[in-house]
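Observations on chain architecture
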Amino acid sequence: METAMDAGTGAGTGTGAVTDAGARAVAVVVPEAATGLVTQASPEPAREPEPALDPEPAPEPDPAPKHTTPEPTPHPDSAHVTALSGGTGGAHALAPLVDTVMDALARGARRRGGPIAPGRPGQVAATVSEVFGGPAAVTGAEALDRLTELLAHGSADPADASCAAHLHCPPLAVAVAADLAVSALNPSQDSWDQAPAATALETLLLQELAGLVGYEPEQAAGVLTSGGTESNLMGLMLARDRVLGAASGRQIELTGVPGVPGVPGAGTDHAPAPAPAPDLSHGPRPQPRPRILASAAAHFSVQRAAALLGLGEDAVLPVPVDHQLRMDTEALAAALDGCAARGELPVAVVATAGTTDTGAIDPLRACAALAAEHGAWLHVDAAYGGGALLSDRLAPLLDGLGLADSVSLDWHKLGWQPAAAGVFLVRRSETYASLARRAVYLNPADDEEAGYPSLLGLSLRTTRRADAFKIAVTLRTLGREGLGRLVDACRDLAVAGARAVADHPRLELHSEPVLTAFLFRYLPERQADTTDTAEARREYDARCDAVNAALRRRLLREGSAVVGRTELPGEGPGRVRLKLTLLNPHTTTAEVERLLHAVVAAGRAEEEAR
């Protein structure tokens, strides 16, 4: 299969700064032939001829964890391990320690020999305890070497083609190298005098990303976050402050969420029972019940944010989804009308651009129109799907994103950055007002008047790493086009994998991939004399659930694959699904088929064991 990495570069879209400067960087700074990041996949090692997916021999018994004696490696002397990474001598002190880490990483990966080390959780914990906390625990200058090897051996490796469970990307080497520079210098983004260059760079990067989203860069605002959970919290916090504040006539961030007495039905999807008329002579008028509307497939952090914001998890009304787990806009309209009929206040609509299970993208324009009609804030969780903005082919899927009041993006998902690399953006900077903070030891007013900018009032955190740096380096190294080719390559892998599932008699595809993930399940054999009744189908679905859940754990014990597991919305048996999330652009279609081959083998082994 020809992937986008093999094809020529198309014309870029988005902000010119990302496209033009980034493209020049690819040609001048990092020649493609030298890196292999843009135009070619990693060479595949020679393998034995691949058998067909069917039939599959019985698997070997569960192996014991691998234990090998580490190769002897020289360790840094005490002068190096007590040295600091900054100053003019910092790089010299850091170099031998980095060499030690590189050697240990390579040894650990060789010992692991696959996507994850074989064994059960208790065995892994015992190995870690032996090296870290036991009587013979490693100490002194040897600790960096031994513990790094332990970490590498005992980690799931998202760069392995058979590690495809989560939105857990293999980071680009250039991004990791940039992150090392940040760790060595340790700038903190809470005041200009701790991070002069990083403050300016984050500001410029966010303007560029705002343009990519569809915002006017000079009118937008934002900040780097720890990820989608923090970004979703910030979006809903601003929604609460703006919408509930306007409805109540109060400054919510100062006075708190007004009480809502007499709501016996709160926490249900049904209208509450009528409350007795309040006695206004003894207090303020009761405020309407705040509501957040999100699809049934939205990230759990929406409920968590509602709890943290004093609205309560029950304030979140789940909106039904279709077969691909996209929000049903007719159901959203009905839910908003229901809020109005009950006298409730829709504070926010949360649309998802890239659900964690299927990569589904809600109809963003329709969601924006409905939110505006009801005076609700629109927050789009594009933590996963935001990576589609890098691809000319996939960017149209996010049509309407620029209409959102706030957006969350995670470049440590479909952006190949080491965590954390979250981004939070708002369309209008004035909506950020409730987060503004003044700390005299960090951003005194006279400093800002003198031209010393501060990012303190843009974040929920005080001390904050310069995570913008690795994103900026990656954009300037590969450009939007180079990153877009990686996105397209992963999408092509998902399409090919879904096709292989659909063609296999023992695998069932849930739906075609939208981005780079798809759901499927293994189908155990049916009994020849089974009648096709509702009870028989229910029993078979329950058996499917048990076998699919167990085969995934078998693959983990064997150390042969890391496959995701989820459940479809609804009730009853038959909802368990396996998930492949393909984020390694250097994986081949043959490797994806081998992974499916392993799933089928594990499923048969589980059937035989029952």
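Scroll up for the structure.
Below: a short report on this structure. (Residues numbered from 1 in each chain as written. Predicted model: local features only at pLDDT ≥ 70, side-chain atom pairs only at ≥ 80, totals over all residues. Heavy atoms only, no water.)

Focus on the packing of aromatic side chains
- All chains considered together, the criterion is met by 3 aromatic pairs.
- Between Phe-518 and Phe-520, the aromatic rings sit 5.9 Å apart at their centres with planes inclined by 45°, giving tilted as the arrangement. With respect to class, Phe-518 is no different from Phe-520; both count as buried.
- The ring centre of Tyr-540 lies 3.8 Å from the NZ or CZ of Arg-526, which sits over that ring. (Phe/Tyr/Trp six-rings, centres within 6.5 Å; stacked < 30°, edge-to-face > 60°. Buried < 20%, exposed > 50% of the residue type's maximum accessible area, 1.4 Å probe, protein only. Lys NZ or Arg CZ within 6 Å of the ring centre and 35° of its normal.)

Focus: helix α11 (residues 301-308)
- Within the span of α11, buried status applies to Ser-301, Val-302, Ala-305 and Ala-306. In an axial view of α11, the angular spread of the buried residues amounts to 145°, which keeps them on one side of the axis.
- Contacts made by the buried residues of α11 are with α9 (228-248), β3 (290-295), β4 (316-319) and β5 (345-352).
- Following α11 by one or two positions, Gly-310 adopts a phi angle in the positive range, close to 80°. (Helix = DSSP H or I, 4+ residues; strand = E, 2+ residues; numbered from the N terminus. Arc of directions from axis to C-beta. Contact = heavy atoms within 4.5 Å.)

A short note on the sheet that holds strand β11 (residues 562-567)
- Within the open sheet, the 5 strands sit side by side as β1-β11-β12-β10-β9. Their pairing is mixed. Each having just a single partner strand, β1 (163-164) and β9 (507-509) make up the two edges of the open sheet.
- Relative to β11, β1 runs parallel, the two sharing 2 bridges. When the sheet's bridge partners are listed, Ala-164 is paired in β11 with Val-563.
- Its contacts with the sheet put helix α17 (residues 589-609) on β1, β9, β10 (517-522), β11 and β12 (576-581), and the angle it makes with β10 is roughly 30°. (Pairing = 2+ DSSP bridges. Axes fitted to C-alpha atoms, helices over the stretch in contact; angles between N-to-C directions.)

Some words on the pattern of salt bridges
- All chains considered together, the criterion is met by 37 salt bridges.
- Here Arg-465 makes a salt bridge to Asp-467, at a shortest N to O gap of 2.7 Å.
- Judged by relative accessible area, which is 30%, Arg-465 ranks as partly exposed.
- The partner of Arg-506 in a salt bridge is Glu-607, with the nearest N and O atoms 2.7 Å apart. In this pair, Arg-506 is assigned in the loop between α15 (468-503) and β9 and Glu-607 in helix α17, connecting sequence segments 101 residues apart. The two residues Arg-506 and Glu-607 agree in class, both being buried.
- Taken together, the salt bridges that share partners define one network made up of Arg-107, Arg-111, Asp-145 and Glu-149. (Salt bridge = Lys/Arg side-chain N within 4 Å of Asp/Glu carboxyl O.)

Some words on helix α4 (residues 90-112)
- Taking 1.5 Å as the rise per residue, α4 with 23 residues should run 33 Å; its terminal C-alpha atoms sit 32 Å apart, in good agreement.
- If you check which residues of α4 are buried, you get Gly-90, Ala-93, Leu-97, Thr-100, Ala-104, Arg-107, Gly-108, Arg-111 and Arg-112.
- A positive phi of about 65° marks Gly-113, the residue just after α4. (Expected span 1.5 Å × (residues − 1).)

So, to be careful, I would describe these as geometric facts and stop short of saying anything about function.
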